Structure formats: structure tokens, C-alpha cells
Amino acid sequence: QVQLVESGGGLVQAGGSLRLSCAASGRTFSAFAMGWFRQAPGKEREFVAAIVGSSGTTLYTDSVKGRTTISRDNGKNTVALQMNSLKPEDTAVYYCAARDAGISYHTTYDARLKEYYDYWGQGTQVTVSS
């Protein structure tokens, strides 16, 4: 069984920065892609960023472009999300996700969709005060 564990969340003032980290443990697997989603109270879980394939192609939702960077350590199946210039609307629980390269069947090839991923973490709270 694969576990993803997020860390680095917390309370920060608007304009501040946070670095979220996610590490995989348990059964050994190769992560083809890793991503971050977030869910604010009363809202659907939404895509934030992803890093895909050996080339490390990155994707970002428009609202975080220019102030957020996703990075990964392929050898360790870890992924980080550096968030700068945080805004109150960034407040949410942030979830890490991974797509297993060893699973051949998937219903989508779009890394911005929840269905693209095989494993999920439990989430870490990010709160940005105004």
C-alpha cells in the first residue's frame, strides 16, 4: 500500500510564503506524475499544480501562476510546492497526489483532473490571514 504524507502547512499572513512537501512511503512504485490539489470549505477539490513525466513538464492553475513552483525528486517520489505572495483565497486543505507509472489503465490523461491520480495524501491545512 502506498501512503502520501504532506507537510509544511500552517498559518501565514497575506503576502507571505509557504513550502509544502509530500513524501511517498509504503509499497515501492514509480510516480509518473505528482500533483497538488486544494479544497476550501464548501467547495470542490480543485487542481493547483502538477509535474509530469521524465521531462518534468509543469502545469499550474491560472490563479497561482507566477507565484507558485512545483518541483520533485524523482528518485524519492517526493514533491514540493513553493507558494509565494499568498492570498486569503489560497486558504484551503492542500492534497498531494501521485500517478503510478506501473498502472496501465487510466480513464484520463489530463493531469488537471482528480481521476488522473492513483494515490492521495490526507491533506495539510493552509490558512492565509488578511
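Within each chain, residues carry numbers counting from 1 in the order of the written sequence. Under the rules for a predicted model, residues below a pLDDT of 70 receive no local features and side-chain atom pairs below 80 are neither given nor counted, while totals for whole chains, interfaces and linings still include all residues. Heavy atoms from the whole structure form the basis of all side-chain values; hydrogens and water molecules are not counted.

## Quick word on the pattern of salt bridges
Pairing is possible between side chains of opposite charge, provided their charged atoms come close.
Piece 1. Each reported salt bridge corresponds to a side-chain nitrogen of Lys or Arg within 4 Å of a carboxyl oxygen of Asp or Glu. Tallying each qualifying case throughout the model produces six salt bridges.
Piece 2. Salt-bridge contacts for Lys 65 lead to Asp 62; the nearest nitrogen and oxygen are separated by 3.1 Å.
Piece 3. Between Asp 90 and Arg 67 there is a salt bridge whose closest N-O contact spans 2.8 Å. Pair noted here: Asp 90 is in the loop between strand S8 (78-83) and strand S9 (92-100) and Arg 67 is in the loop between strand S6 (57-60) and strand S7 (68-73), with a separation of 23 residues, a long-range link. In this structure, Asp 90 and Arg 67 share a single accessibility class: buried.
Piece 4. Residues joined in a network through salt bridges with shared partners are Arg 38, Glu 46, Arg 67 and Asp 90. The secondary structure listing takes helices from DSSP runs of H or I that are at least 4 residues long and strands from runs of E that are at least 2 residues long, numbered from the N terminus. Here the term buried applies to any residue with accessible area under 20% of the maximum for its type, exposed to any over 50%, and partly exposed to those in between, with areas from a 1.4 Å probe on protein chains only.

## A word on unusual backbone geometry
Piece 1. Despite not being glycine, Asn 77 has its phi angle at roughly 50°, a positive value.
Piece 2. Residue placement: Asn 77 occurs in the loop between S7 and S8.
Piece 3. Of the residues examined, Asn 77 reaches a relative accessible area of 9% and is grouped as buried.
Piece 4. In this structure, Ser 85 is a non-glycine residue whose phi angle is positive, near 45°.
Piece 5. Relative to the helices and strands, Ser 85 resides in the loop between S8 and S9.
Piece 6. We classify Ser 85 as partly exposed; its relative accessible area is 41%.

## Considering the packing of aromatic side chains
Piece 1. Ring pairs shown here join Phe, Tyr and Trp side chains whose ring centres sit within 6.5 Å, with only the six-membered ring taken for Trp; geometry is labelled stacked below 30 degrees between planes, edge-to-face above 60, and tilted in between. In this structure the tally under the stated criterion is six aromatic pairs.
Piece 2. Arranged with centres 5.1 Å apart and planes meeting at 70°, the rings of Phe 29 and Tyr 119 form a pair that is edge-to-face. Of this pair, Phe 29 sits in the loop between strand S3 (18-26) and strand S4 (31-39) while Tyr 119 sits in strand S10 (residues 119-120), and the two are 90 residues apart along the sequence. Here the two residues Phe 29 and Tyr 119 agree in accessibility, since each one is buried.
Piece 3. Taken together, a centroid distance of 5.7 Å and an interplanar angle of 75° make the contact between Phe 37 and Phe 47 edge-to-face. One end of the pair, Phe 37, is in strand S4; the other, Phe 47, is in strand S5 (residues 46-52), with 10 residues separating them in the sequence. There is no split in this pair, since Phe 37 and Phe 47 are both buried.
Piece 4. An aromatic cluster is defined as three or more aromatic residues linked by ring pairs; in this entry it consists of Phe 37, Phe 47, Tyr 116, Tyr 117 and Trp 120.
Piece 5. Here, a charge over a ring means that NZ of Lys or CZ of Arg falls within 6 Å of the ring centre while also lying within 35 degrees of the ring normal. Looking at Arg 99, its charged tip hangs above the ring of Tyr 116, at a distance of 4.0 Å from the centre.

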